[in-house]
Amino acid sequence: FHSNLNIYQTYYGVMAKVPEKLPHTYGRATLVDTAIMFIPRSLWSGKPTAGQSASLSTIKEAIHPDVLGRYGMATPYLTEIYLDYTVFGVLIIMLGLGKFIGRLYKYTQCNSTSRSDVIRYCLFLGLFMQLIIRGYFASGFWMVVFAYIPFFLFEKTNIVK
């Protein structure tokens, strides 16, 4: 239980230093890093590593570098939202995610849903939970995309239905 609450220490460390000592990343972590992650290194040999990404490099500067590098502490998505979109972004995005999950849950529970809808919902919840508690939106986004590709292929070929 303690280790699950412990992951928010990176958020507290970043809140203490950003924006007073370090700048916000203003969308670079969620938009730019996500876009460049898909570009292969064979096409772009100088592509930044994960450790050089906007969010992780700022987090390393805000807290001790060993926390991420040596001890491998994960950082929740909340930290990235704060870095990119400030406190107001955290409030708006978390409110939006909460409403989306609520609607999705209500739709799945209250409507007569197909097997395909239930599979889509279960896949989403597992992936969503992983993204929220372990952060790094760039890899999380592509994880979701590639996890859903087989599902959509099965759905289009009527294997799931």
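Residues numbered from 1 in each chain as written. Predicted model: local features only at pLDDT ≥ 70, side-chain atom pairs only at ≥ 80, totals over all residues. Heavy atoms only, no water.

Let us now look at the overall build of the protein chain. When helices and strands are tallied, the protein chain shows eight helices and zero strands. Reading the secondary structure of the protein chain in the N-to-C direction produces α-α-α-α-α-α-α-α. Scored against the burial criterion, the 161 residues of the protein chain give a buried share of 36%. Contacts in the protein chain between residues far apart in sequence, at least 24 positions, make up 70% of those at least 6 positions apart. In the form shown here, the protein chain has an accessible surface area of approximately 9,900 Å², with 67% of it arising from carbon and sulfur atoms. In the protein chain, 15 positive and 8 negative side-chain charges are present, and the distance between their average locations comes to 6 Å. (Helix = DSSP H or I, 4+ residues; strand = E, 2+ residues; numbered from the N terminus. Buried < 20%, exposed > 50% of the residue type's maximum accessible area, 1.4 Å probe, protein only. Contact = heavy atoms within 4.5 Å. Areas by Shrake-Rupley, 256 points an atom, 1.4 Å probe, with all protein chains shown as cover. Lys, Arg positive; Asp, Glu negative; His and termini not counted. Charge placed at Lys NZ, Arg CZ, Asp CG, Glu CD.)

Across all of its chains, the model carries two salt bridges by this definition. Aspartate 117 is the partner of arginine 120 in a salt bridge, and the nearest nitrogen-oxygen pair spans 2.9 Å. Of this pair, arginine 120 and aspartate 117 both sit in helix H7 (residues 115–134), three residues apart, which is roughly one turn of that helix. Accessibility expressed as a relative area gives 16% for aspartate 117, which makes it buried. Between glutamate 155 and arginine 120 there is a salt bridge; the shortest N-O distance is 2.5 Å. Taken as a pair, glutamate 155 in helix H8 (residues 137–156) and arginine 120 in helix H7 lie far apart in primary sequence, 35 residues in all. (Salt bridge = Lys/Arg side-chain N within 4 Å of Asp/Glu carboxyl O.)

What follows deals with the layout of surface pockets. In this model, the largest pocket occupies a volume close to 190 Å³. Along its surface, the largest pocket is lined by Tyr77, Leu97, Phe124, Leu127, Phe128, Leu131, Ile132, Phe137, Phe141 and Val144. The set of elements that each furnish at least two residues to the lining of the largest pocket consists of helix H6 (77–110), H7 and H8. Among the elements that make up the lining of the largest pocket, the one with the highest residue count is H7 (five residues). A breakdown of the residues in the lining of the largest pocket according to their chemical character gives ten nonpolar, no polar and no charged. (1 Å grid on protein atoms, 1.4 Å probe; cavity = no way out; pocket = protein on both sides within 12 Å on 5 of 7 lines; lining within 4 Å. Points joined across faces, edges and corners; volume = space filled by probe spheres on them. Nonpolar A, V, L, I, M, F, W, Y, C, P; charged D, E, K, R; others polar.)

Ranked by internal contacts, the top residues of the largest apolar core, which has 24 residues, are Val14, Val18, Ile59 and Tyr82. Filtering out sequence-adjacent residues up to four positions away, valine 14 remains in contact with Ile59, Ala62, Ile63, Thr79, Tyr82 and Leu83. (Core = buried A, V, L, I, M, F, W, Y, C linked by side-chain atoms within 4.5 Å.)

Here histidine 24 is to be found in the loop between helix H2 (9–17) and helix H3 (28–37). Classification of histidine 24 by relative accessible area gives buried; the value is 6%. In terms of polar contacts, histidine 24 uses its side chain to reach the backbone carbonyl oxygen of tyrosine 82, at 3.0 Å. Polar contacts involving the side chain of histidine 24 include one to the main-chain carbonyl oxygen of leucine 83, which spans 3.2 Å. With near-sequence residues (within four places) excluded, histidine 24 lies in contact with Val18, Pro19, Tyr82, Leu83 and Thr86. (Polar contact = N/O pair within 3.5 Å; in protein donor to acceptor, adjacent residues only side chain to side chain.)

Where nonpolar side chains cluster on the molecular surface, the patch consists of Met15, Val87, Phe88, Leu91 and Ile92 and spans about 520 Å² of accessible area. Top contributing element to the nonpolar patch by residue count: H6, with four residues. (Patch = residues over 30% accessible without salt bridge, like charges linked within 9 Å, V, L, I, M, F, W, Y side chains within 5 Å.)

The contact between H2 and H6 brings their axes to 8 Å, and the two run at 20°. By the angle between their axes, H2 is roughly parallel relative to H6. Of the two elements, H2 crosses H6, and the hand of that crossing is left-handed. Touching Thr10, Tyr11, Val14 and Met15 of H2 are Leu78, Thr79, Tyr82 and Leu83, all from H6. Each residue belonging to the contact of H2 with H6 can be placed in one class, and the counts come to six nonpolar, two polar and no charged. (Axes fitted to C-alpha atoms, helices over the stretch in contact; angles between N-to-C directions. Parallel < 35°, antiparallel > 145°, perpendicular 65-115°, else oblique. Left-handed = near helix turned anticlockwise from the far one by under 90°.)

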